[in-house]
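Topology and contacts: notes
Spelled out from the first residue to the last, the chains are:
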Amino acid sequence: MTVRTRFAPSPTGYLHIGGARTAMYSYLYAKAHAGEFVLRIEDTDLERSKREYEEAQIADLKWCGIDWSEGPDCPGEFGPYRQSERTEIYQKYAEQFITEGKAYYCFLSQDELEALSEKAKSEDKSPHAYHDKYRQMDPAEAKAKVAGGAENVIRFKNPRKPYSLKDQVRGKVSWGPDMVGDFVIIRSNGQPVYNFCCVVDDWKMAISHVFRGEEHLNNTLRQLMIYEALGATPPEFGHCSLLVGEDRQKLSKRHGATSVVQYIEQGYLPSAMMNYLCLLGWSHPEEKDIFDINQLGKIFDSARFTKSGAFYDIKKLQHFNGQHLRLLAPEELLNKANQQLSSNDNWNQQDDQWKKTCLELLLEKVNLLSELPEHLEVIFNQSFNLGEAENEALAWESTPQIKAYLSSEIQKLVGSGVKSASAEDFSGWMNHIKKELGIKGKPLFMGMRVVLTGQCHGPDLKVLIPLTPLEVLGKRLA
RNA sequence: GCUCCUAUCGUCUAGCCCGGUCUAGGACACCGCCUUUUCACGGCGGUAACAGGGGUUCGAAUCCCCUUGGGAGUACCA
């Protein structure tokens, strides 16, 4: 049997990092088993679903490096891949359930429903205890009522018996007979409800393995009932641990940046993002931490999922990003940096050789590409705030000599029409200061640094100075 | 309330299924040292955990029970 997994987002917002993670797990699992991965859009909530969100989520998924062989944008033999385009299918099975006595029409109004829930609650019963008022109604009578135009929903007739499941991550999970009531499968507007269409789709699309967040664990009970009513064999389920915030609650917008777009904008690398997310709820058999998820291959199997919720730690993500950044090939790094710095004139005016040298110099200082502009300041900044350490270095008696010498040297170079100093120029200056002025050690290095950059620390001077325009150097000395 | 899930350093986790090799390993963060005549990168080292209580056993992080904590679900959302 071919392994077929799927990711089934609702287009009601941007792709969430938790969604990206389960999508990745499903994708990796399919890849590990030479299977197929499909994308299905769950847009049965007409009010909240938007086509623009569907497009955005597809773009975000692609950015993550996740690819599918079937989906709304590349239909296969199991289509259509949008639930809003599959209503007749759901309708058909709902009607089948009615004729088989596995579901029934319910005419409870919203108000009645609320009153019934209140009543159940006050009697210390489950809220759904009285939602089955029409369960025993004569089917012919109900049908006539529907034909007469009475507003109705279709409720599934709970078999009221225990169910259990062998979950790929949780092991055996079981439920007692009255955890849920007779739940709605078709709304009064004719639209099917999640638990129903999810099952018919997973079944009709021949999905073999379902990986999703733990918040769906209890839904699985309802879904198991529907599989049974359909006479279908349920897929394997794997309910992954939740991503949580600092308060240990399910990650949501109030915890900060939770959409993958936000990380795209902040200049994170997809490889780092996926690597980090992958390790939040799964562990590498060889305890590797930095890796390319696409090289995982057969290593990715469901046995290594973690059961408890994982705190989403941006600090650690940043570390992963830094690691992946330093692993990038120079060409690739240049491309990414060009994207990140597309509006930075100082950067755009330079040639590729300059940029590459510069990146090599600055890379060790950043975890994020978006930190590059501030580090570029050490090259282009013309005014600066002197701190305590800088003032101290400027007050050394040797520093004014260095400053005077360097000023005249730079003046000379400018006069000769050169735009920047060469590495030879720089070592020449250093030798002169050492030999002719007799300054060495800390006063030499720190003196040159503070006079040329206005700071006591920063990147390697002998690489930095040739990158810096003489014009800037001149202004700083003045 | 009810149902389900869950519990190893501050955080992510390895180990648990198949008890002894665990004076519990790695990573982030933090601290120190080395490297760098600066900062960072890198290297080395340090602080730091088996929720509690009962069993079972010669022996338990590992098996069983209870307690406590945390989370999720309880919709005509997904």
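Everything quoted here is computed from the prediction, not taken from an experiment.

**Details of the packing of aromatic side chains**
- Considering all chains together, one arrives at 21 aromatic pairs under this definition.
- Taking the centre distance of 5.5 Å and the plane angle of 70 degrees together, the rings of Y93 and W203 count as edge-to-face. With Y93 in helix 3 (residues 87-99) and W203 in helix 6 (residues 194-204), the pair connects residues that are 110 residues apart, well separated along the chain.
- Where Y276 meets Y312, the ring centres are 6.0 Å apart and the plane angle is 55 degrees; that geometry is what we call tilted. Of the two residues, Y276 is situated in helix 9 (residues 270-278) and Y312 in the loop between strand 11 (310-311) and helix 10 (314-327); the sequence distance between them amounts to 36 residues.
- For Y276, a relative accessible area of 2% puts it in the buried group.
- Looking at Y312, the relative accessible area reads 6%, which means it is buried.
- Among the aromatic side chains, those forming a connected cluster through ring pairs are Y25, Y29, F211, W282, F300 and F305.
- Between K119 and the ring centre of Y130, over which it is positioned, the NZ or CZ distance is 4.2 Å.
- The lysine or arginine in question, K204, covers the ring of W203, its NZ or CZ lying 4.9 Å from the ring centre.

**A closer look at the confidence of the model for chain A**
- Summary statistics for chain A give a mean pLDDT of 93 and a share of 100% for residues scoring 70 or more.
- Across the whole predicted complex the pTM is 0.94, and at the interface the ipTM reaches 0.95.

**Brief notes about the protein's contact with RNA strand B**
- The full set close to RNA strand B counts 58 residues, and T44, R187, E364, K365 and F445 are the nearest of them.
- Considering the 4 Å shell around the protein, atoms of RNA strand B inside it are sugar or phosphate in 69% of instances.
- Here S10 contributes a side-chain N or O atom positioned 2.8 Å from a sugar or linking oxygen of RNA strand B.
- Contact distances for RNA strand B include 3.2 Å between a phosphate oxygen and a side-chain N or O atom of Q249.
- Those elements that place two or more of their residues in the surface near RNA strand B are strand 6 (171-175), strand 11, helix 10 and helix 18 (442-453).

**Quick look at the state of the cysteines**
- Scanning all chains against the criterion turns up zero disulfides.
- Among the cysteines around C106, which has no disulfide bond, C197 carries the closest sulfur, lying 19 Å off.

**Points about the pattern of salt bridges**
- The final tally for this structure, using the stated rule, is 25 salt bridges.
- The residue E42 makes a salt bridge to R40 at a minimum N-O spacing of 2.9 Å.
- Residue E42 is classed as buried on the basis of its relative accessible area of 8%.
- Between R40 and D202 there is a salt bridge; the shortest N-O distance is 2.9 Å. A residue pair is termed long-range when its members are at least 10 positions apart, and R40 in the loop between strand 2 (36-39) and helix 2 (51-63) and D202 in helix 6 qualify at 162 residues.
- Residue R40 is classed as buried on the basis of its relative accessible area, which comes to 0%.
- A single salt-bridge network, built from bridges that share partners, covers R6, R40, E42, R86, D201 and D202.

**Some remarks on the layout of surface pockets**
- Estimates place the volume of the largest pocket at around 1,200 Å³.
- Lining the largest pocket are 41 residues; nearest its centre among them are S10, H16, G19, E215 and H216.
- Among the elements of the structure, strand 1 (4-7), helix 1 (17-32), helix 6 and strand 8 (209-213) are those that each provide at least two residues to the lining of the largest pocket.
- Broken down by element, the residue count for the lining of the largest pocket peaks at four residues, all from helix 1.
- For the lining of the largest pocket, the residue count by class is twelve nonpolar, 19 polar and ten charged.

**A look at the pairing of strand 9 (residues 236-240)**
- Counting buried residues along strand 9, four of its five residues qualify, which places the element largely inside the surrounding structure.
- Bridge count for strand 8 against strand 9 is five bridges, and the pairing is parallel. Each residue of the ladder has a partner; that of G213, found in strand 9, is C240.

The rules behind these values
Residues numbered from 1 in each chain as written. Chains lettered and ligands numbered in written order. Predicted model: local features only at pLDDT ≥ 70, side-chain atom pairs only at ≥ 80, totals over all residues. Heavy atoms only, no water. Phe/Tyr/Trp six-rings, centres within 6.5 Å; stacked < 30°, edge-to-face > 60°. Helix = DSSP H or I, 4+ residues; strand = E, 2+ residues; numbered from the N terminus. Buried < 20%, exposed > 50% of the residue type's maximum accessible area, 1.4 Å probe, protein only. Lys NZ or Arg CZ within 6 Å of the ring centre and 35° of its normal. pLDDT = per-residue confidence, 0-100. Near = heavy atom within 4 Å. Polar contact = N/O pair within 3.5 Å; in protein donor to acceptor, adjacent residues only side chain to side chain. Disulfide = S-S within 2.5 Å. Salt bridge = Lys/Arg side-chain N within 4 Å of Asp/Glu carboxyl O. 1 Å grid on protein atoms, 1.4 Å probe; cavity = no way out; pocket = protein on both sides within 12 Å on 5 of 7 lines; lining within 4 Å. Points joined across faces, edges and corners; volume = space filled by probe spheres on them. Nonpolar A, V, L, I, M, F, W, Y, C, P; charged D, E, K, R; others polar. Pairing = 2+ DSSP bridges.

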